[in-house]
Amino acid sequence: MVGATTVDDVTVIVTESLSKRYPRVTALDRLSVDIAPGVTGLVGANGAGKSTLIKILLGLAPATEGTAHVLGLDVTKDGGTIRERVGYMPEHDCLPPDVSATEFVVHMARMSGLPPTAARERTADTLRHVGLYEERYRPIGGYSTGMKQRVKLAQALVHDPQLVFLDEPTNGLDPAGRDEMLGLIRRIHTDFGISVLVTSHLLGELERTCDHVVVIDGGKLLRSSSTDEFTQVTTSLAVEVTDTDAHPDGAEALRAALAGAGVAVTTGAAGSEGLASPGHLLYVEAAGEETYDLVRDAVAGLGLGLVRMEQRRHQIAEVFRDEDTAHAGPATAGAPSAPYATQDGGAHDVA
Amino acid sequence: MSPEPTTSVSATPGGAYIHNIGYRHYDGPRLGRAYARRSLFSQSLRGAYGLGRSAKSKVLPMLLFAVMCLPAAIMVAVTVFTKAGSLPVGYTRYAIYLQAVIGLFLAAQAPQSVSRDLRFKSIPLYFSRPIERGDYVASKFAAMASALFILTAAPLLVLYVGALLAKLDFVDQTKGLAQGLVAVVLLSLLFAGIGLVVSALTPRRGFGVAAVIAVLTIPYGAVSAVQGIAFVQGSESAVGWLGLFSPITLIDGVQSTFLGGISSFPNGLAPTTGAGFVYLLVTLTVIAGCYALLMRRYRKAGL
């Protein structure tokens, strides 16, 4: 068997003008995409074609036209071989409540072709790796959502695939559970050497987890690039201020003051920032150091409280906004290292 | 944690070991689709008797199995002690006498076998693995039919062994057993098909149980009643044909025509040989039809 040797050089998924048309809808429209080893996020609203793509890649549904290769194998001819080397974690609940995690995962390992002894060994290993210990002998019915997600992940990994498809793995998890799951997904690649294709409509998650993000919408490829490119620092400043008695709408007062000083100011687009209400955020085009001073002076002059003023990063969510909205060009300012900076990113939802 | 062989164990001078519990790749054999199909078959077959499931779920199938075999044991005892010249019941009719037990077993286990996967949406986990729709259906069908075969063939073996102990004619008894086994093979396939199709229609297990019982008993009740009426009114040929409309009378018709049994129809009327062929044909068609319906049912049940 081909072990973990493929993780370096080959593309794991290649599609060539892949289309899938149903009588009434077009689920995929001439989608051509190359996906390299690593953690790749597949982003799209509900109905964007994510599940259809996974179905085709698993060789379960024929494409209307175009070709797709997974791990170098043709999906139309070698579906069985692909499914032997690929893991799949569905979005929905798929666990029977009356068996224990161990029994269930052993059964699934055998369904993947592992001999009985190997199935038991791999099950013990995999459940430990996803963080299930003594509870794995209890019936799944009594598990929390987080534990169930781990079992679902374990069954996708138990046969040591070269690639896993994770469909909305953080669905229904609380923030802590979500962080743990994202960490686990990261480890699947870094520690286990397994490539990951993870779908989500929560963009903030993918910023934090993926090397590469593929955005599809209406079955079409909207963008495919590395996560860094998505989250470059822009030249605009996000400013949030408090209201005072003198200025019941502090943001509006500041906007007027800054506009008077000749600075381009936009108010936060609805739904763009999770924490503050949109009206309280201003985006200020920073021409240079003096803009910071200007904002500071304007805020002080109005007697408002400055809640925050920070360099703004692109967020993947912007891909979905009006295509006309010109993004500021790549800025050179020293970006804080990781995209983890935007903790509120997890709240973004295109659906 | 069970002691696992570790890939790298580095010895330190003090004699202590550092076990590497990092991720290990699997490079053993992958046995593929045929093996997965066999595994699913054995898992489903064991599951039908509650093996590999909770203690609670073993009670009913084991109880029914005992109930199925008990009359055979009693008959054998009676035959041995009374030194009778033949068994009180023919091999081919035994299952028909105990059809209620078989029906209960099917009603309890067929939904268990298929509704669970549908209800808890485990089907995509199967179909994202090497096995395909046909493998899944074939495994489940074969497992259910085998479970029924074990249930119905075991008492026949008890009868056979008992008959030999009672020193009944060896050739007669062997022939009877063989005919009986053919009858229960047909019965197992037919009942498994009907039970699985009915249970696969609903993800709710309770509905499945009720529906299987209804499908087995209501036609039987109706056919028996109408046969009785037809017999009283003197239309004996109609009695022969009416048996086509319920599963157990189908088997009864086949066994009484071809397998040397006596039918349970009113007055022991058996279908004519021509009608017998129709019975056999209908039985085989229903089995094939159930298989096709199951295949259809799972076409949409994928991801």
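About the cut-offs
- Residues numbered from 1 in each chain as written.
- Chains lettered and ligands numbered in written order.
- Predicted model: local features only at pLDDT ≥ 70, side-chain atom pairs only at ≥ 80, totals over all residues.
- Heavy atoms only, no water.
- UniProt positions renumbered as here; feature names shortened; annotations may be inferred.
- Domains from an automatic or database assignment.
- Pairing = 2+ DSSP bridges.
- Helix = DSSP H or I, 4+ residues; strand = E, 2+ residues; numbered from the N terminus.
- Axes fitted to C-alpha atoms, helices over the stretch in contact; angles between N-to-C directions.
- Contact = heavy atoms within 4.5 Å.
- Buried < 20%, exposed > 50% of the residue type's maximum accessible area, 1.4 Å probe, protein only.
- Arc of directions from axis to C-beta.
- Buried area = accessible area lost by both parts, 1.4 Å probe.
- Salt bridge = Lys/Arg side-chain N within 4 Å of Asp/Glu carboxyl O.
- Parallel < 35°, antiparallel > 145°, perpendicular 65-115°, else oblique.
- Left-handed = near helix turned anticlockwise from the far one by under 90°.
- Nonpolar A, V, L, I, M, F, W, Y, C, P; charged D, E, K, R; others polar.
- Phe/Tyr/Trp six-rings, centres within 6.5 Å; stacked < 30°, edge-to-face > 60°.
- pLDDT = per-residue confidence, 0-100.

Where an unreviewed UniProt entry is consulted, chain B appears under the name ABC transporter permease, with the organism given as Streptomyces inhibens.

Labelled according to an unreviewed UniProt entry, chain A appears under the name ABC transporter ATP-binding protein, originating from Streptomyces inhibens. Taken verbatim from the UniProt record of chain A, the Sequence similarities (unreviewed entry) comment is "Belongs to the ABC transporter superfamily."

Colleague: Can you help me understand the domain arrangement of chain A in this one?
Modeller: A common measure of how large an interface is: the accessible area buried when the components associate. For chain A, the assigned domains read domain 1 (13-231) and domain 2 (236-269 + 278-320). Between domain 1 of chain A and domain 2 of chain A, the C-alpha centre-to-centre distance is 41 Å.

Colleague: Would you mind showing me how to read the sheet that holds strand 7 (residues 163-167) of chain A here?
Modeller: Either a parallel or an antiparallel arrangement is found when strands of a sheet pair, and the pairing is made through backbone hydrogen bonds. All names here are of chain A. Judged by pairing direction, the sheet is mixed, and its six strands sit side by side in the order 6-7-8-3-9-10 without closing on themselves. The outermost strands of the open sheet, each flanked by one partner alone, are strand 6 (86-89) and strand 10 (220-226). Each strand axis lies, on average, 15° off the axis of its neighbour in the sheet, ignoring direction. Against the sheet, helix 5 (residues 145-157) makes contact with strand 6 and strand 7, and its axis sits at roughly 160° relative to strand 6, the strand it touches most.

Colleague: Looking at this model, I keep getting lost on helix 9 (residues 250-260) of chain A. Mind explaining?
Modeller: Quick reminder: α-helices carry 3.6 residues per turn. Residues three or four places apart thus point the same way. Residue and element names in this part refer to chain A. For helix 9, the complete set of buried residues consists of Gly250, Ala251, Ala253, Leu254 and Leu258. One side of helix 9 carries all its buried residues, which in axial view fall inside an arc of 160°. Positive backbone phi, at 85°, marks Gly262, one or two positions downstream of helix 9.

Colleague: Explain the environment of Asp34 of chain A here, please?
Modeller: Residues and elements named next belong to chain A. Its place among the elements puts Asp34 in strand 2 (residues 26-35). A C-alpha to C-alpha distance of 6.6 Å links Asp34 and Thr11, two positions 23 residues apart in sequence. Not counting chain neighbours up to four residues away, the residues in contact with Asp34 comprise Thr11, Ile13 and Val14.

Colleague: What should I look at first to understand the interface of chain B and chain A in this one?
Modeller: Across the boundary between the two partners, chain B contributes 33 residues, which contact 44 residues of chain A. For the pairing of chain B and chain A, the buried interface totals around 3,800 Å² over both sides, and the portion due to carbon and sulfur atoms is 55%. Between the two partners, chain B and chain A, sit three salt bridges. A salt bridge links Glu132 of chain B to Arg83 of chain A; its shortest N-O distance comes to 3.3 Å.

Colleague: I'm lost on the side chain of Ser44 of chain B in this one. Help?
Modeller: All names here are of chain B. With respect to the helices, strands and loops of the structure, Ser44 is situated in helix 1 (residues 32-48). On the accessibility criterion, Ser44 (6% relative accessible area) is buried. Those residues in contact with Ser44 that lie beyond four places of it in its chain are Ser113, Lys140 and Ala143.

Colleague: Explain the pattern of salt bridges here, please?
Modeller: Once the charged atoms of two side chains with opposite charge are near each other, the side chains can pair. This structure, assessed with the given rule, holds 18 salt bridges over all chains. Here Asp297 of chain A ties to Arg296 of chain A by a salt bridge, and the two come within 3.1 Å at their closest N and O atoms. In this structure Asp297 of chain A comes out as partly exposed when scored by relative accessible area, which is 43%. Note that Lys140 of chain B is salt-bridged to Asp117 of chain B, the shortest N-O span being 3.8 Å. Of this pair, Lys140 of chain B sits in helix 6 (residues 133-165) while Asp117 of chain B sits in helix 4 (residues 99-119), and the two are 23 residues apart along the sequence. Since its relative accessible area comes to 5%, Lys140 of chain B is described here as buried. Through salt bridges that share partners, Asp29, Arg30 and Lys220 of chain A make up one connected network.

Colleague: Teacher, can you tell me more about helix 3 (residues 101-111) of chain A here?
Modeller: When you tally the buried positions in helix 3 of chain A, you get nine out of eleven residues, the bulk of the element. The complete set of buried residues in helix 3 of chain A reads Ala101, Thr102, Phe104, Val105, Val106, His107, Met108, Ala109 and Met111 of chain A. The inward-facing, buried residues of helix 3 of chain A abut helix 4 (116-129) and helix 5 of chain A together with helix 1 and helix 5 (123-127) of chain B. Looking one or two places after helix 3 of chain A, you find Gly113 of chain A, whose phi comes out positive at around 100°.

Colleague: What should I look at first to understand the packing of helix 6 of chain B against helix 7 (residues 170-201) of chain B in this one?
Modeller: Between two packed helices, both the angle of their axes relative to each other and the distance between the axes serve to describe the pair. Residue and element names in this part refer to chain B. Contact geometry of helix 6 with helix 7 gives a least axis separation of 8 Å together with a crossing angle of 155°. Classified by the angle their axes make, helix 6 and helix 7 are roughly antiparallel. The handedness of the crossing between helix 6 and helix 7 is right-handed. Across the contact of helix 6 with helix 7, the residue classes break down as 21 nonpolar, six polar and one charged.

Colleague: I keep staring at unusual backbone geometry and nothing clicks. Help me out?
Modeller: What is expected of a backbone is that most residues other than glycine have negative phi and most peptide bonds are trans. For Arg30 of chain A, which is not glycine, the phi torsion reads 45° and is therefore positive. The residue Arg30 of chain A is located in strand 2 in this model. At Lys167 of chain B, a residue that is not glycine, the phi angle is positive and equals roughly 60°.

Colleague: Would you take a moment to explain the packing of aromatic side chains for this structure?
Modeller: Each aromatic ring pair is summarised here by two numbers: the centre-to-centre distance and the angle between the ring planes. Residue and element names in this part refer to chain B. The tally for this structure, following the rule as stated, stands at eight aromatic pairs over all chains. Seen in terms of ring centroids, Tyr49 and Phe65 are 6.1 Å apart; in terms of plane orientation they differ by 85°. Their pairing is edge-to-face. A residue pair is termed long-range when its members are at least 10 positions apart, and Tyr49 in the loop between helix 1 and helix 2 (55-82) and Phe65 in helix 2 qualify at 16 residues. The class for Tyr49 is buried, based on a relative accessible area of 8%. For Phe65, a relative accessible area of 26% gives the class partly exposed. Relative to Phe277, the ring of Phe258 lies with its centre 5.1 Å away and its plane at 70°, an arrangement referred to as edge-to-face. Of this pair, Phe258 sits in helix 10 (residues 247-258) while Phe277 sits in helix 11 (residues 273-297), and the two are 19 residues apart along the sequence. An aromatic cluster is defined as three or more aromatic residues linked by ring pairs; in this entry it consists of Tyr126, Phe127, Tyr136 and Tyr298.

Colleague: What is the right way to read the sheet that holds strand 5 (residues 73-74) of chain A from this model?
Modeller: All names here are of chain A. Strands sit in the order 2-1-4-5 across an open sheet of four strands; the sheet is antiparallel. Each edge of the open sheet carries a strand with a single partner, namely strand 2 and strand 5. Pairing geometry for strand 4 (residues 65-70) and strand 5, over two bridges, is antiparallel. Pairing of Val70 across the sheet is with Leu73, part of strand 5. Lying over the sheet, helix 1 (residues 50-57) contacts strand 1 (13-21), strand 2 and strand 4, oriented at roughly 115° with respect to strand 1.

Colleague: How should the confidence of the model for chain A be read in this particular structure?
Modeller: In low-pLDDT regions, the fine details of the predicted coordinates are not to be read closely. Here chain A averages 81 in pLDDT, and 81% of its residues register 70 or above. Counting contacts from residues 270-276 of chain A, a segment whose pLDDT is below 50, to residues more than four positions away or on other chains yields 19 contacts.

Colleague: Explanation requested: the UniProt feature "transmembrane region" (unreviewed entry) in chain B in the structure shown.
Modeller: Residues and elements named next belong to chain B. Under the present numbering, the feature "transmembrane region" (unreviewed entry) in UniProt falls on residues 59-82, 94-111, 141-165, 177-201, 207-232, 239-262 and 274-294. In residues 59-82, helix accounts for 100% and strand for 0%; the two terminal C-alpha atoms are 34 Å from one another. A helix fraction of 100% and a strand fraction of 0% characterise residues 177-201, whose end C-alpha atoms lie 36 Å from each other.

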